[in-house]
Amino acid sequence: MKKQLLMLCLGIMPCLVWAQKKIFVSPVGNDTQIGSLNRPLKTLKAALQKAQGLQGEAVEILFRKGTYVFDQTVTISNKSFALRSLKIQPYQHERVVFSGAKKVNLQWVPYRDGIYKARLALATNPDRLFLNGKALPMARYPNFDEKSRIFNGTAADALDKERVAGWQNPKGGYIHALHAGEWGGFHFEITGKTGGQLDYIGGWQNNRPSPMHKEHRFVENIFEELDVPNEWYYSQAEQMLYFYPPKNLDLGKADLAISNLTDLIHVVGNRANPVQNISIAEIDFTQTARSFMLTKEPLLRSDWTIYRGGALLLDGTAQITVAGCNFYELGGNAIFVSNYNKNNQFKDNHIYNIGASAISFVGSADAVRSPAFRYENFVPWTQMDFTKGPQSDNYPQYCTASGNLIHHIGTIEKQVAGTEISMAAHITISHNTIYDVPRAGINVSEGTWGGHIIEFNDVFNTVLETGDHGAFNSWGRDRYWRPGRKIVDSIVAARPGIEYLDVIDPIVLRNNRFQCDHGWDIDLDDGSSNYLIYNNVCLSGGLKLREGYHRTVTNNIIINNTFHPHVWLSSSDDTFTHNIVSTPYAPIGMNAWGKKVDENFFLSQAGLVAAQKLGVDANSSYGDAKFVAANTGDYRVLASSPALKTGFKNFEMNFGVTQANLKKLAAKPPIRPLKALANRQQGATLVWLGATFKNIESLGERSAAGLHDDHGALLLSLSPQSLAGQNKLQKGDVIIAWGNEKVNSILELQQFIQKSQFLSTAELRIIRDQQEKTLTIKLK
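Residues numbered from 1 in each chain as written. Predicted model: local features only at pLDDT ≥ 70, side-chain atom pairs only at ≥ 80, totals over all residues. Heavy atoms only, no water.

## Let's talk about the pairing of strand 1 (residues 22-25)
Within a regular beta strand, the side chains point alternately toward one face of the sheet and then the other, so they alternate between its two faces. Neither face of strand 1 is left uncovered, since the one carrying Lys22 and Phe24 and the one carrying Ile23 and Val25 both have all their residues buried. Examined bridge by bridge, strand 1 and strand 2 (residues 58-63) share four bridges and lie parallel to one another. The residue of strand 2 that forms the bridge with Ile23 is Ile61. Regarding topology, helix 2 (residues 44-51) serves as the crossover connection from strand 1 to the parallel strand 2, and that connection is right-handed. (Buried < 20%, exposed > 50% of the residue type's maximum accessible area, 1.4 Å probe, protein only. Helix = DSSP H or I, 4+ residues; strand = E, 2+ residues; numbered from the N terminus. Pairing = 2+ DSSP bridges. Right-handed = clockwise from strand over helix to strand, strands pointing away.)

Printed below as a string of structure tokens:
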């Protein structure tokens, strides 16, 4: 009998162990229960605590269908995590939602003019109000307009004295504005009003300060601006929620929720003891608060600042997989991969309608040798560390973002991207579909430390709200870089190889389709170096290389646009070969043409003739490329194509997401007819003081000069002996003001010259090397 009982117990024990390894959670569960299928827990926090007792085991936390509201951020820490592996996912593919918003059931009473109010006691102001899961606008001016291109509505008079005078107590309101140069946005919290003027804090969201844009600005969370359906306002003093409901809404039955929580899950370890082997699958993350006032940390020498947080934060992890999840109606970032992370994968997720970036890989500045944090700052040579590579491995490495559908991001913050890479190495961005973004679809900040592979992505409808960017956007600005070309040339000549100290391994762009109507399809800016760019289709904005080193651009197809070489360095080692180009090149400030620009194919004779006049493309040709089906976007060429004789080779047109459900949801880029091709028109010029000036006529000229808009008079050429040369004016200078008055064009410059014919000097404000300077000019 005892033997039989012992055998029975031994038989039962594996079942008990198996049952313990599966922890069940349900919205109708109870955290005092054992976590079985029939007696589930209620929260993720309780499930993680129970899992702590299973050290060394492979554990699954299985969620039953429903919504799980987070009262606070849940942290999985290396201080308590000791599992062999952990899976967090639904039970049998049931729909599971992790939310940062609590439902509210209120007693509404009419207030006035269609507005209702309800008592709601809250310790802090709510950041977002959701109706049936969709975020509603705070009371704002101008009113929310989904058709408006920037911020869903902006107005030049948003901060006019007359309007501000009508706000009794604007404290707690917000000001949102674009950067004056449209390089992202600014956000401010109103702290009060003094003498008719607003008091506010903020503006730290852009690392290249400027005034607010004069037109693109709006205010929100102002009680007096509560004037249209769907707007709301919360009064902390009254503990009262005011709401202007849409027509036919039954407030008694309305599904309303409020959020204050910006982050839902943090997974936190470190290099010595990373949290690893966790899988998060098929979970919806939604309804978090906005994080724009938390976005303070500057990225290296850029116009970006960041907030290290989001719906999901990974910091000090390895072998983490996030797959098949949905991230939507979020106030800030979706996924933020911070500091040391290795071999993590983010695949087949759907990320949309979020306030900031989708997937960010950002290391620690502590890993960077001789870091500088502002565009105009640099470390003196006597203090610079000339050791190659990082000084620690506290950064994301060998991580992958693949097959993700990303769209409608950056709804409030504008320094954002579908995927962002900064201070990281060997990141693979593959088969993602990214569109409807305010800035770049894929952004690579600085060269540290290279090795990235960007492939098979479909990136379009980009740079919709900002300016001077691309569908793919990058800058270098590594430790050796300076804004002045002559300085950089002298540095690299004196220390060959210094340009490789940070961007150790080449960054590869291959087999992508890029489209940008408001900038460049591919935009390598300010010292972007060590790139291999091949087998890409550029649909609209062309391909730009600003000064940098060691860029190989080959076998790309540029539709309805061209190659934009900008201010190349004397020994760049750049090559541009075997590409198909639609229109004549658009060079800006070129003194040198790199290692080789040749053996390309132009779709017009004018394009080839213009290139050969520049002294390049001696062995290139032109004609009909004989695309397979240009009208549908198949730009492979037929076997009879003359482009093949230049060395061009066909490649597969296989871009974007691969999962069937995401492919069905994904939009497609616009495929436009090939334009009639003609030579570019030359603009008017003005000769003054022995120098030749012209208007700013292209986005390229604006970008090359670092202008905030397309106003000014660009100095094309001069001789050192001219009066302009004696006054220290330089080729590439842009005159933007005469005294205190703006110079918008060469016509206005001519008018100022005529007015000053009896004066001996004039004070000019110019832009040189992307910085503003004041010069006193001798006119005679």
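## As for unusual backbone geometry
Note the cis peptide between Tyr141 and Pro142, where omega equals -5 degrees. Relative to the helices and strands, Pro142 resides in the loop between strand 12 (140-141) and helix 3 (161-165). Omega for the bond connecting Thr448 with Trp449 falls within 30 degrees of zero, at -10 degrees, which places this linkage in the cis form. Along the polypeptide, Trp449 turns up in the loop between strand 37 (442-445) and strand 38 (453-455). Not every positive phi belongs to a glycine, and Asn511 is a case in point at roughly 60 degrees. Within the secondary structure, Asn511 is located in the loop between strand 41 (507-510) and strand 42 (513-514). Asn511 gets classed as buried once you look at its relative accessible area, which sits at 9%.

## Quick notes on the sheet that holds strand 13 (residues 174-179)
Overall, antiparallel pairing links the five strands, which are arranged 12-16-13-14-15 in an open sheet. The open sheet has two free edges, formed respectively by strand 12 and strand 15 (197-202), since each of these has just one partner strand.

## Things to note about the packing of aromatic side chains
Per the stated rule, a full pass over the model turns up 36 aromatic pairs. For the ring pair Tyr375 and Trp481, a centre distance of 5.6 Å and an interplane angle of 65 degrees mean the geometry is edge-to-face. One end of the pair, Tyr375, is in the loop between strand 30 (359-362) and strand 31 (396-397); the other, Trp481, is in the loop between strand 40 (470-475) and helix 4 (485-494), with 106 residues separating them in the sequence. Residue Tyr375 is classed as buried on the basis of its relative accessible area of 2%. Site record: aromatic cluster; members linked through ring pairs are Phe63, Tyr68, Phe70, Phe98, Phe285 and Phe327. Just above the ring of Phe218 sits the side chain of Arg140; from NZ or CZ to the centre is 4.0 Å. Here Arg163 stacks its cationic end above the ring of Tyr141, 3.4 Å away from the centre of that ring. (Phe/Tyr/Trp six-rings, centres within 6.5 Å; stacked < 30°, edge-to-face > 60°. Lys NZ or Arg CZ within 6 Å of the ring centre and 35° of its normal.)

## Brief notes about the pattern of salt bridges
For the structure on display, the rule yields 35 salt bridges. Of the charged contacts in the structure, one is a salt bridge between Arg112 and Asp113, with a shortest N-O distance of 3.1 Å. Assessed through its relative accessible area of 40%, Arg112 is described here as partly exposed. Taking the shortest distance from any N to any O, the salt bridge between Arg290 and Glu220 comes out at 2.8 Å. Of the two residues, Arg290 is situated in the loop between strand 22 (283-286) and strand 23 (297-298) and Glu220 in strand 16 (residues 212-220); the sequence distance between them amounts to 70 residues. Pair check on accessibility: Arg290 and Glu220 agree, each one buried. Each member of the salt-bridge network shares a partner with another, and the members are Arg477, Asp523, Asp525, Asp526, Lys544, Arg546 and Glu547. (Salt bridge = Lys/Arg side-chain N within 4 Å of Asp/Glu carboxyl O.)

## Describing the environment of Pro483
Checked against the element boundaries, Pro483 lands in the loop between strand 40 and helix 4. When the C-alpha positions of Pro483 and Asn555 are compared, they lie 30 Å apart, and in sequence the two are 72 residues distant. Non-local contacts of Pro483, meaning those with residues more than four positions away in its chain, are made with Tyr375, Asp769 and Gln771. (Contact = heavy atoms within 4.5 Å.)

## What about the confidence of the model for the protein chain?
When pLDDT is averaged across the protein chain, the result is 93; 96% of the residues are at 70 or more. The secondary-structure element of the protein chain with the lowest mean pLDDT is helix 1 (residues 2-21), recorded at 48, while strand 33 (residues 405-407) shows the highest, at 99. The low-confidence segment residues 5-19 (pLDDT under 50) makes zero contacts with residues lying over four places distant or belonging to another chain. Segment residues 677-682: pLDDT under 50, and 13 contacts once partners within four positions in sequence are set aside and those in other chains are kept. (pLDDT = per-residue confidence, 0-100.)

## Overview of the nonpolar core
The biggest cluster of nonpolar side chains holds 93 residues, and the ones touching the most others in it are Leu44, Leu86, Phe98, Phe285, Phe327, Phe361 and Phe472. In terms of residue count, helix 2 provides more of this core than any other element does, five residues in total. If you look at the next biggest cluster of nonpolar residues, it comprises 26 residues, including Leu106, Ile150, Ile258 and Ile412. (Core = buried A, V, L, I, M, F, W, Y, C linked by side-chain atoms within 4.5 Å.)

## Here we look at helix 2
Taken together, the buried positions of helix 2 are occupied by Leu44, Ala46, Ala47, Leu48 and Ala51. Buried-residue contacts for helix 2 involve strand 1, strand 2, strand 4 (74-77), strand 5 (85-90), strand 6 (96-99) and strand 20 (265-268).

## Section: the pairing of strand 27 (residues 335-342)
Across the eight residues that make up strand 27, a large majority, seven, are buried. Across six bridges, strand 25 (residues 312-323) lies against strand 27 in parallel orientation. Note that in strand 27 the partner of Ala318 across the bridge is Lys342. The pairing of strand 27 with strand 30 spans four bridges and is parallel. Bridging across to strand 30, Val337 finds its partner in Phe361. Summarising the sheet, strand 27 and strand 31 pair through two bridges and their orientation is parallel. Bridge assignment links Asn341 to a residue of strand 31, and that residue is Pro396.

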